[in-house]
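One-letter residues, chain by chain:
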Amino acid sequence: MFKNIPRQLVVLFISLSLIFFSFGCSNSTKSTITPNSIDAQQTIVKNSATAPISGTLKVHSLDVGQADCILIQSDESSVLVDAGNNEDGGFVVNYLKAQGVTKLAAAVATHPHEDHIGGMDVVLKAFPVEKFYMPNATTTTKTFEDMLNAVKASGAKRIQVNAGVALDVPGISGTFLAPVGSKYDDLNNYSAVLKIVHGNTSFLLTGDAESISENEMLKNGNLQATLLKVGHHGSDSSTTAAFLKAVSPKYAVISVGKGNTYGHPTDIVLNRLASADVQVYRTDQSGTIVATSDGTNITLDKNATTIKANAPPEATPTPATATPKSPPPPAPPQTSKSTNHYIINTSTKKFHYPSCGKLPTKNKGEMDGTRDDLINAGYSPCGICKP
Ligand SMILES: [Zn+2]
Ligand SMILES: [Zn+2]
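Residues numbered from 1 in each chain as written. Chains lettered and ligands numbered in written order. Predicted model: local features only at pLDDT ≥ 70, side-chain atom pairs only at ≥ 80, totals over all residues. Heavy atoms only, no water.

What follows deals with the coordination of the zinc ion (ligand 2). Angles at a metal have ideal values that depend on geometry: 109.5 degrees with four tetrahedral donors, 90 or 180 degrees with six octahedral donors. Every protein donor of the zinc ion (ligand 2) is accounted for by His-111 (NE2), His-113 (ND1), Asn-188 (OD1) and Asp-208 (OD), and the metal-donor separations fall at 2.1 to 2.2 Å. Because the angles between the 4 donor atoms bound to the zinc ion (ligand 2) fall within 86 to 171°, the donor set is best described as irregular. All donors to the zinc ion (ligand 2) come from one chain, and their sequence spacing reads H-x1-H-x74-N-x19-D. The distance between the zinc ion (ligand 2) and the zinc ion (ligand 1) comes to 3.6 Å, with Asp-208 serving as a donor to both metals. A residue pair is termed long-range when its members are at least 10 positions apart, and His-111 in the loop between β4 (104-108) and α5 (114-117) and Asp-208 in the loop between β10 (201-205) and α8 (211-220) qualify at 97 residues. Its relative accessible area of 1% is what places His-111 among the buried residues. For Asp-208, a relative accessible area of 2% gives the class buried. (Donors = N, O, S within 2.8 Å, 3.2 Å for Na, K, Ca; no water. Tetrahedral: all angles 85-135°; square planar, octahedral: opposite > 155°, others 65-115°. Helix = DSSP H or I, 4+ residues; strand = E, 2+ residues; numbered from the N terminus. Buried < 20%, exposed > 50% of the residue type's maximum accessible area, 1.4 Å probe, protein only.)

In structure tokens, the structure reads:
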């Protein structure tokens, strides 16, 4: 019977049904139409710039291996504190985009070490940035120079961080508590320490501040926080008993690389946190950790799991100068998503944790990435350290 209906009519009928069907389903697909939703979001940002702080505040501790990178996100603004190692720039940019970040109200470089500012140049090139906060500390590395050039090119307003300086962005209430002094031997003590307050909850982000800086902050007070980003990756240079007591956090996040050669986090810090009844989350065990505050409570994302200080340590605690014993304890199964630092053998095409006892002596290289990245690049995991 279709034989008698002109072909054009059949086509028209099918087209009409498709149009009708797609409109019928538009509720479920609307959210994927991005151009308009981004415009709408920006309008909201502008209109509510003067509104009182409300809604939720998210603090993301990105899994950048042995490094720091924290995204603070309110309903109105996004602020990035540190940007991981040099190799992490692309990952950080992609993560921010996935969170809907289109611009940064501010970026903070806590101090000029590569594991904090490495990816900053890439981030500054990828997003418009209004303000750039950094302490008055310099170094001669190319990484630092790259960052300064990127800050200049971005046109961001450069603001020097000292204790008492406010983080001036809409919708996020923050104050810098350090550096208190102006001259330190170790770059870590120049760390910009940022306290964010959201309703009755608060976050203390300490960079790599060590006990010298902690003691100075103790004199100034105002340290209490619901969540502490543990200083210097859990090194025993930081998180003194007195400092921890003053902060008295409910939660602690340690940003640390799996199998790192520094022995971070140290047992002494983990035990201190455990005896203070702090719930500890680690990026090497949980990957990226997201803490969400509604102004009353902070909730940690479900994927993140707390750890117990007395659980078998991952790396045998050794003095910082000692080389790890071989072979290292077998690492727990690793998610293919976490970025790590690996030692590679360019000849045998094997990859290892830096703590492995059977590292190559020649044809040795280094690579950062996820386990999958390494496998995709043609490398196979070492049978001893089982990365
Ligand atoms: Zn560091
Ligand atoms: Zn440092």
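Having put the structure on the table, let's press on.
This part takes up the side chain of Thr-206. Topologically, Thr-206 is positioned in the loop between β10 and α8. Contacts of Thr-206, omitting those with residues within four sequence positions, involve Ser-191, Val-193, Leu-228, Lys-229, Val-230, Gly-231 and Phe-243. (Contact = heavy atoms within 4.5 Å.)

Quick look at the sheet that holds strand β19 (residues 380-381) now. Read across the sheet, 4 strands follow the order β18-β16-β17-β19 without closing on themselves; strand pairing throughout is mixed. Whereas interior strands pair on both sides, the edge strands pair on one side only; in this sheet they are β18 (364-369) and β19. Bridge count between strand β16 (residues 340-345) and strand β17 (residues 350-352): 3 bridges; the pairing is antiparallel. Note that in β17 the partner of Ile-344 across the bridge is Phe-351. (Pairing = 2+ DSSP bridges.)

Around the zinc ion (ligand 1), the donor atoms from the protein are Asp-115 (OD), His-116 (NE2), Asp-208 (OD) and His-233 (NE2), and they sit 2.1 to 2.2 Å away. Angles of 85 to 148° at the metal separate the 4 donor atoms of the zinc ion (ligand 1), which places the site in the irregular class. In the primary sequence, the donor residues of the zinc ion (ligand 1) line up as D-H-x91-D-x24-H. On the basis of relative accessibility, which here comes to 1%, the residue His-233 falls in the buried class.

In short, geometric facts, not functional conclusions.
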